[in-house]
Amino acid sequence: MSDEEHHFESKADAGASKTFPQQAGAIRKSGYIVIKGRACKACSSIPQDIIFVVEVSTSKTGKHGHAKCHFVAIDIFNGKKLEDIVPSSHNSDVPHVNRTDYQLIDISEDGFVSLLTENGSTKDDLRLPTDDALLSQIKDGFAEGKDLVVTVMSAMGEEQICALKDIGPK
């Protein structure tokens with residue numbers, strides 16, 4: 001037996017995957033998809049508080065064998081339109097998207113918010129949203145002393161405030 005110590009270094013994280021595979025032909029409007037490394041959502045109409053996959057069309061099987069899916073989607077964090085064409089029988093990455101509600105405690109001068117989690121601790125690493133309408137609603141409601149709950153969308157290691165609820169005066 002050897003007296004040497006064996007050290008192993010792990011380069012992977014122990015957490016769950018940020019995406020899961022789904023057959024491209026099974027992804028529909030209002031579904032999520034990863035295009036060019038960005039989490040996107042597809043739908044035909046775009047509500048004000050959330051951004052979606054805009055269009056999915058499938059071409060017929062052609063001379064070279066595979067039917068193709070043409071995805072037109074909008075990045076859920078920055079609103080940019082992205083497109084991709086994938087054979088319908090191949091797998092595409094679909095992001096795990098979570099929405100969590102937090103109570104707004106404070107807004108700092110440098111644009112960060114302080115949020116109260118369900119277990120009573122604070123979350124201080126989120127910036128105010130870039131959407132002007134949502135930003136003004138949050139700032140105005142907070143200045144008026146309203147009790148506000150923000151919805152935070154998270155996917156693929158990114159988080160952003162995407163909605164606001166007024167639960168009454170403090």
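Under the annotation held in an unreviewed UniProt entry, the protein carries the name Eukaryotic translation initiation factor 5A and is attributed to Escallonia rubra. Here is the UniProt Sequence similarities (unreviewed entry) comment for the protein, exactly as written: "Belongs to the eIF-5A family."

Focus: the pattern of salt bridges
A full pass over the atoms with the stated rule returns seven salt bridges. Between Lys123 and Asp125 there is a salt bridge whose closest N-O contact spans 3.2 Å. On the basis of relative accessible area, Lys123 is assigned to the buried category, the value being 14%.

Re the pairing of strand β9 (residues 112-116)
Of the strand pairs in this sheet, strand β8 (residues 98-107) and β9 are connected by four bridges, and their pairing is antiparallel. For Leu104, the partnering residue across the bridge sits in β9 and is Leu115. Adjacent in sequence and paired antiparallel, β8 and β9 are bridged by four residues, among which Gly111 carries a positive phi angle near 95 degrees. Pairing of β9 with strand β10 (residues 122-127), which is carried by four bridges, proceeds in the antiparallel orientation.

A word on the environment of Phe77
Structurally, Phe77 is set in the loop between β5 (68-75) and β6 (81-87). When the C-alpha atoms of Phe77 and Gln160 are compared, they prove to be 6.9 Å apart, with 83 residues separating the residues in sequence. Those residues in contact with Phe77 that lie beyond four places of it in its chain are Arg38, Met153, Ser154, Ala155, Glu158, Glu159 and Gln160.

Section: the nonpolar core
In this structure, Ile33, Ile35, Cys40, Phe71 and Ile76 are the most contacted members of the largest nonpolar core, which totals 21 residues. Residue contacts for Ile35: discarding those within four places in its chain leaves Cys40, Phe71, Ala73, Leu82, Glu83 and Asp84. By size, the runner-up hydrophobic cluster in this structure holds 13 residues, among which are Tyr102, Leu115, Ile138 and Val150.

What counts, and where the lines are drawn
- Residues numbered from 1 in each chain as written.
- Predicted model: local features only at pLDDT ≥ 70, side-chain atom pairs only at ≥ 80, totals over all residues.
- Heavy atoms only, no water.
- UniProt positions renumbered as here; feature names shortened; annotations may be inferred.
- Salt bridge = Lys/Arg side-chain N within 4 Å of Asp/Glu carboxyl O.
- Buried < 20%, exposed > 50% of the residue type's maximum accessible area, 1.4 Å probe, protein only.
- Pairing = 2+ DSSP bridges.
- Helix = DSSP H or I, 4+ residues; strand = E, 2+ residues; numbered from the N terminus.
- Contact = heavy atoms within 4.5 Å.
- Core = buried A, V, L, I, M, F, W, Y, C linked by side-chain atoms within 4.5 Å.

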